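# Architecture at a glance
Each chain is listed here by its residues.
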Amino acid sequence: MAKGIRAKTITWCAALCALIAPSVVTQLANTKRNADLTADIVESSLTVHLRRAEVVIDLAVDALRKADGHNLSRCDDAALARMRRFVLVTAAIKEFSVLNADGSIACGNLGKTSDVIRFGPHFGGADPQVLFYAVRYADNGQLGIRIASQASETRALGVIVPAEWIVPAGLSVRHAAIHGITVSLSDGPVIVNDTQASELLESDRIEVTRTSGRYPISVTVAGSRSAVVREELSLTLLSHLAAIVIGLLGATLIIIQGRRHRDDLLSEMKAALIDREFVPFYQPILDLDTGKLKGCEVLVRWRKPDGTIVPPGAFIDLAERSGFIFPLTLYLMEQAAADLGPVFRARPGLRCGFNLCAEHFRNDHIVADVTKRFTSSTLPLSQLLLEVTERDPLPDVDLARRIIAAFQGMGVRVALDDVGTGHGGMSYLLKLGVDVMKIDKLFVDAISTERYSTAIIDSLIDLAAHMRMEVVAEGVETFEQVEALRRRGVQAAQGFVFAPALPASSFRLLVESMEAVPSIKQGDVFVV
Ligand code: C2E
Ligand code: CA
Ligand code: CA
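About the criteria used
- Residues numbered from 1 in each chain as written.
- Chains lettered and ligands numbered in written order.
- Predicted model: local features only at pLDDT ≥ 70, side-chain atom pairs only at ≥ 80, totals over all residues.
- Heavy atoms only, no water.
- Core = buried A, V, L, I, M, F, W, Y, C linked by side-chain atoms within 4.5 Å.
- Buried < 20%, exposed > 50% of the residue type's maximum accessible area, 1.4 Å probe, protein only.
- Helix = DSSP H or I, 4+ residues; strand = E, 2+ residues; numbered from the N terminus.
- Contact = heavy atoms within 4.5 Å.
- Donors = N, O, S within 2.8 Å, 3.2 Å for Na, K, Ca; no water.
- Pairing = 2+ DSSP bridges.
- Near = heavy atom within 4 Å.
- Polar contact = N/O pair within 3.5 Å; in protein donor to acceptor, adjacent residues only side chain to side chain.
- Areas by Shrake-Rupley, 256 points an atom, 1.4 Å probe, with all protein chains shown as cover.
- Axes fitted to C-alpha atoms, helices over the stretch in contact; angles between N-to-C directions.
- Parallel < 35°, antiparallel > 145°, perpendicular 65-115°, else oblique.
- Left-handed = near helix turned anticlockwise from the far one by under 90°.
- Nonpolar A, V, L, I, M, F, W, Y, C, P; charged D, E, K, R; others polar.

Next up on the list: the nonpolar core. The biggest cluster of nonpolar side chains holds 68 residues, and the ones touching the most others in it are Phe344 and Phe407. Ranked by residue count, the leading element in this core is helix H7 (residues 325-345), at 7 residues. Residues in contact with Phe344, not counting those within four places in the same chain, are Gly295, Cys296, Leu350, Arg351, Cys352, Leu379, Gln383, Phe507 and Val511. Listed in part, the 52 residues of the second largest apolar core include Ala53, Leu64, Leu80 and Val87.

Quick look at the environment of Glu390 now. One can find Glu390 in the loop between strand S15 (384-389) and helix H9 (397-409). On the accessibility criterion, Glu390 (0% relative accessible area) is buried. Each C-alpha atom, one on Glu390 and one on Ala134, is 93 Å from the other, the two residues being 256 residues apart in sequence.

Looking at the metal site, the calcium ion (ligand 2) is ligated by Glu297 (OE), Asn355 (OD1), Glu387 (OE) and Asp417 (OD), spaced 2.1 to 2.3 Å from it. Spacing between the donor residues of the calcium ion (ligand 2) along the chain follows E-x57-N-x31-E-x29-D. A separation of 3.9 Å is found between the calcium ion (ligand 2) and the calcium ion (ligand 3), which share Asp417 as a coordinating residue. Here Asn355 is found in strand S14 (residues 351-356), whereas its partner Asp417 is found in strand S16 (residues 413-419), with 62 residues between them in sequence.

What follows concerns the pairing of strand S1 (residues 95-99). Counting buried residues in S1 gives 5 out of 5 residues, a clear majority hidden from the surface. Burial along S1 is two-sided: Glu95, Ser97 and Leu99 facing one way and Phe96 and Val98 facing the other are all buried. Pairing analysis gives 5 bridges linking S1 to strand S6 (residues 156-162), with the strands arranged antiparallel. Residue pairing for S6: Val98 is matched across the bridge by Leu157. Sheet analysis places S1 next to strand S2 (residues 105-108), joined by 3 bridges and oriented antiparallel. Directly across from Val98, in S2, lies its bridge partner Cys107. Hairpin connection between S1 and S2: a loop of 5 residues separates the two successive antiparallel strands, and Gly103 in this loop has a positive phi of roughly 95 degrees.

Close contacts around ligand 1 come from 20 residues, with Gln283, Glu297, Arg301, Glu477 and Phe496 the closest. The contact in question runs from a nitrogen atom of ligand 1 to an N or O atom on the side chain of Gln283, over 3.0 Å. Measuring from an oxygen atom of ligand 1, one finds a backbone N or O atom of Val476 at 3.4 Å. Burial of ligand 1 by the protein chains amounts to 81% of its free accessible area of 790 Å². Where the shell around ligand 1 is concerned, the elements lending two or more residues are strand S12 (293-303), helix H6 (316-322), H7 and S16. Looking at the shell around ligand 1, the element that brings in the most residues is S12, giving 4 residues.

Burial of strand S7 (residues 178-185) is extensive: 7 of the 8 residues sit out of reach of the surface. Pairing analysis gives 7 bridges linking S7 to strand S10 (residues 217-224), with the strands arranged antiparallel. The partner of Gly180 across the bridge, within S10, is Ala222. The pairing of S7 with strand S8 (residues 190-195) spans 5 bridges and is classified as antiparallel. Its bridge partner being in S8, Ile181 is matched across the sheet by Asp194. Count of turn residues in the S7/S8 antiparallel hairpin: 4 residues, of which Ser186 carries a positive phi of about 45 degrees.

The contact between H7 and helix H8 (residues 365-374) brings their axes to 10 Å, and the two run at 20 degrees. Taken together, the axis directions place H7 and H8 in an arrangement best described as roughly parallel. In this structure, the crossing between H7 and H8 has a hand that is right-handed. On the side of H7, the interface is formed by Leu330, Met333, Glu334 and Ala337, while H8 contributes Asp369, Val370, Arg373 and Phe374. A class-by-class count of the residues in the contact of H7 with H8 yields 5 nonpolar, no polar and 3 charged.

Note that all results are geometric; they support no functional claim without further evidence.
Structure, rendered in structure tokens:
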């Protein structure tokens, strides 16, 4: 059952990982996606605004070129009329003037005087005849670019492109992620500064500047990553929802897969029981004082048709949890009786031990089952030892006590298995009234290794002596351990130092070679 809990824990951990992993991956992907998305939005906004600025300036420069050759620098009525017409038909320009060498207005569509103030230096574009400089209207502070081309020795023609036509208010290509758009003459005076009030943190900001290849114009666009995150929130939520659904599906699949594997294994085991693939192996138990055989423990093995031997660790937990352990235990009892009945009957001092699990103590059916199997069997009840493991909690300790008493009343001896490792501890030893204490390999190992204290095994042996229980040490692997156990008064042991669990034929040979058949007299009593 402890192994069952471990297997369940692994399945649940795997299911939990499957549940969480898509969300984590989605979160990472979203973070990366949001960063990429911000850069994309900034880039496309920049392209659109620079292109728009170039197109507006194209129109203005085109108007200047068209005006060339019309003698506008003469400032006569015809020239003024033509200037007014240019302004009227050219959407990009607001003012058309003839400029003196000092930059003052000689004449223009708005008259001689204009409240336009020039600021900053002038810049040249691809065409050296055309100059650009920044201007501001004194009355309303509106900004713009004056574009001027030389018309005569002393005069130039100039047009003004208002800033609002380069980045029209309310028409800017704005995504929620765009924080600011700036247009300047090269890296000089700023013509457009369409920036939102709040300052962006450096870590949140993506800013890109690009300069026109034809005109001395630079456009800078700044974007906010967090704004993209907010803007994309619904998409992010959707992706998280999808991740949770995928996670749930994955977790469900893992659990279903675990159950299916369990179901498949169980079906396989049921078929294997019918095909007699489960076989009892027998591990000898020896008397440490005399070196004689005291009996054996039945340990199940699954012999597959291809000859491979599967140890109980691979299936016993499922057998115990699924109830398959009931037919399996009865089958092993029948098989062991058939394997050992004759040799054991001739040696009444030997006992054959069977493992029972906590589930066997849920009700008293096991008493009737054992009685039925062994009453008239070749292996008599008096040669049985039933091992109750304390590794898993007994469902009802009082009922277990009554079942154990019933066995003892039939001449069956009962051992508490794996003592010291499980749930029962002292209380099982005191309450269950068993005859034999099987000390787990864990404590036997402590004897020969200096790393562990021998206090537990010493007190278990003391306790057994006080309660008149026999002690069997399990998992004894060295002669040093045998010696130490013997010195402490332990009567019996099993372990690889003597023999592993053996197939029936080998174990029978061992019994026959170690234990000559005693001459049985009427009334002899054998106690193990
Ligand atoms: P267990 O009842 O404690 O059985 C002793 C285990 O220790 C056996 O493992 C045995 O092969 C192994 N062992 C014996 N001597 C040594 C040794 O010197 N060194 C080491 N390292 N191991 C040793 P096995 O056969 O793999 O059985 C494992 C467990 O499976 C058993 O532990 C028992 O809890 C369970 N089991 C085996 N057969 C049955 C069965 O028929 N019914 C039930 N309910 N459980 C069984
Ligand atoms: Ca056992
Ligand atoms: Ca054991």
